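Breakdown of the fold
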Amino acid sequence: MLRKIRLSILGLVLGLILTLVGFVAYAQGNATLNLAGFFYGLPLLLGGLALKASEIKPIPFTQPTSSEILALREQQATVTQNKIRDDVTRYRYGQYAHLDEALEKLGISPSDEELPELQTIQETAVDGNYTLILNFDSPCVPLEDWQKKHDKIERFFGPDIRAELTQPVENQVTLALIKVKTT
C-alpha cells in the first residue's frame, strides 16, 4: 500500500496547506502560526514540485498475475527477480528511467536519449519455472546488440537466472528472466 503513495503529491498537498495557513495567519497577525506555515509549508511545497518533476510512474503488468504464478513466485523467485518487480512497479524519483543504471552497467544504453525504455512486465512460468518478463521499447538498440550482451545479462541478474531475448515486433525487445532450478 505504501509503495503506491506518490511522495510528490503528498509534498505538494501538505506544503500548499501549510503555506496557506501561513498566509491566513499572517493576515490575522498570528506570528507563530505564520512562521510555522512559511518555514515548513514553502520547503514542502518546493520539495513536492521537485519530486513531481523527477517522478517516474510505475510500470504496468501486461496481464494480472494468476494465483498459480503467485504461488510459483513464492516458491522459486530469486531475490533479484523480486527486487526488479518491486522496483519497477512503484513510483521512482531522481532517475532517468526504470532500470537505467542496470542497462548502463550492461552496456545496453549508449546515451540517455538511446536508452531502451521498459514498457510493461509480466509474470509467467516457462517449463515450470518462475519467469519475470521485461518488455522494452528499444528503437536505438537492436536485438543483436542485446544478444551480444547475453552472457553479461545472465551474470548481472543471476545467480540461478537464464535470460532469453526475443523481438516480438520491430523496435521491441523482450527479456525473460527465468529461474533455473538448482539440484
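Below you will find a few notes about this structure.

Rules used in this analysis
- Residues numbered from 1 in each chain as written.
- Predicted model: local features only at pLDDT ≥ 70, side-chain atom pairs only at ≥ 80, totals over all residues.
- Heavy atoms only, no water.
- Helix = DSSP H or I, 4+ residues; strand = E, 2+ residues; numbered from the N terminus.
- Rg over C-alpha atoms; globule rule 2.2 N^0.38 Å.
- Buried < 20%, exposed > 50% of the residue type's maximum accessible area, 1.4 Å probe, protein only.
- Contact = heavy atoms within 4.5 Å.
- Areas by Shrake-Rupley, 256 points an atom, 1.4 Å probe, with all protein chains shown as cover.
- Core = buried A, V, L, I, M, F, W, Y, C linked by side-chain atoms within 4.5 Å.
- Pairing = 2+ DSSP bridges.
- Axes fitted to C-alpha atoms, helices over the stretch in contact; angles between N-to-C directions.
- Patch = residues over 30% accessible without salt bridge, like charges linked within 9 Å, V, L, I, M, F, W, Y side chains within 5 Å.
- Salt bridge = Lys/Arg side-chain N within 4 Å of Asp/Glu carboxyl O.
- Phe/Tyr/Trp six-rings, centres within 6.5 Å; stacked < 30°, edge-to-face > 60°.

A few words on the overall build of the protein. The helix and strand tally for the protein stands at seven helices and six strands. When the helices and strands of the protein are read in sequence order from the N terminus, they spell out α-α-β-α-α-β-α-β-β-α-α-β-β. Here the C-alpha radius of gyration of the protein, 22 Å, is well above what a compact globule of 183 residues would show, namely 16 Å. In terms of overall dimensions, the protein has C-alpha extents of about 70 × 40 × 25 Å along its principal axes. Counting every position in the protein, which comprises 183 residues, the buried fraction comes to 38%. Sequence-distant contacts in the protein: of pairs separated by 6 or more residues, those separated by 24 or more amount to 62%. Total accessible area on the protein stands at roughly 10,700 Å², and carbon and sulfur atoms take up 58% of it.

Here we come to the nonpolar core. Core analysis: the biggest nonpolar cluster contains 29 residues, and Leu134, Trp146, Ile153 and Leu175 have the highest contact counts within it. When residues in this core are grouped by element, the largest group, four residues, is from strand β4 (residues 129–137). Beyond its immediate sequence surroundings of up to four residues, Leu175 is in contact with Leu132, Ile133, Leu134, Phe136, Ile153, Phe157, Ala163, Glu164 and Leu165.

This paragraph deals with the sheet that holds strand β6 (residues 172–179). If you walk across this open sheet you meet the four strands as β3-β4-β6-β5, and the pairing is antiparallel. Looking at strand neighbours, the two that pair on one side only are β3 (117–126) and β5 (161–166), the edges of this open sheet. Between one strand and the next, the sheet's axes are offset by a mean angle of 20 degrees, whatever the strand orientation. Of the strand pairs in this sheet, β3 and β4 are connected by nine bridges, and their pairing is antiparallel. Residue pairing in the sheet places Thr124 in a bridge with Thr131 of β4. In the packing of helix α4 (residues 79–88) onto the sheet, contacts are made with β3, β4, β5 and β6, and the angle to β4 comes to roughly 40 degrees. With respect to the sheet, helix α7 (residues 150–157) is in contact with β5 and β6, its orientation differing from that of β5 by roughly 140 degrees.

The next thing to look at is the environment of Leu46. With respect to the helices and strands, Leu46 occurs in helix α2 (residues 31–53). Each C-alpha atom of the pair Leu46 and Ser8 lies 9.8 Å from the other, and the pair is 38 residues apart in sequence.

Residues Ile5, Leu7, Leu10, Leu14, Leu18, Leu35, Phe39, Tyr40 and Leu44 make up a contiguous nonpolar surface patch of about 840 Å² in total accessible area. Where the nonpolar patch is concerned, the elements lending two or more residues are α1 (7–28) and α2. Take Tyr40: it is sitting in helix α2.

With that settled, consider the packing of aromatic side chains. For the structure shown, the criterion picks out three aromatic pairs. On the numbers, 5.1 Å between centres and 45 degrees between planes, the contact of Phe136 with Trp146 is tilted. With Phe136 in strand β4 and Trp146 in helix α6 (residues 143–148), this pair connects stretches of sequence that are 10 residues apart. The same class applies to Phe136 as to Trp146, namely buried.

In short, shape yes, function no, at least from these values alone.
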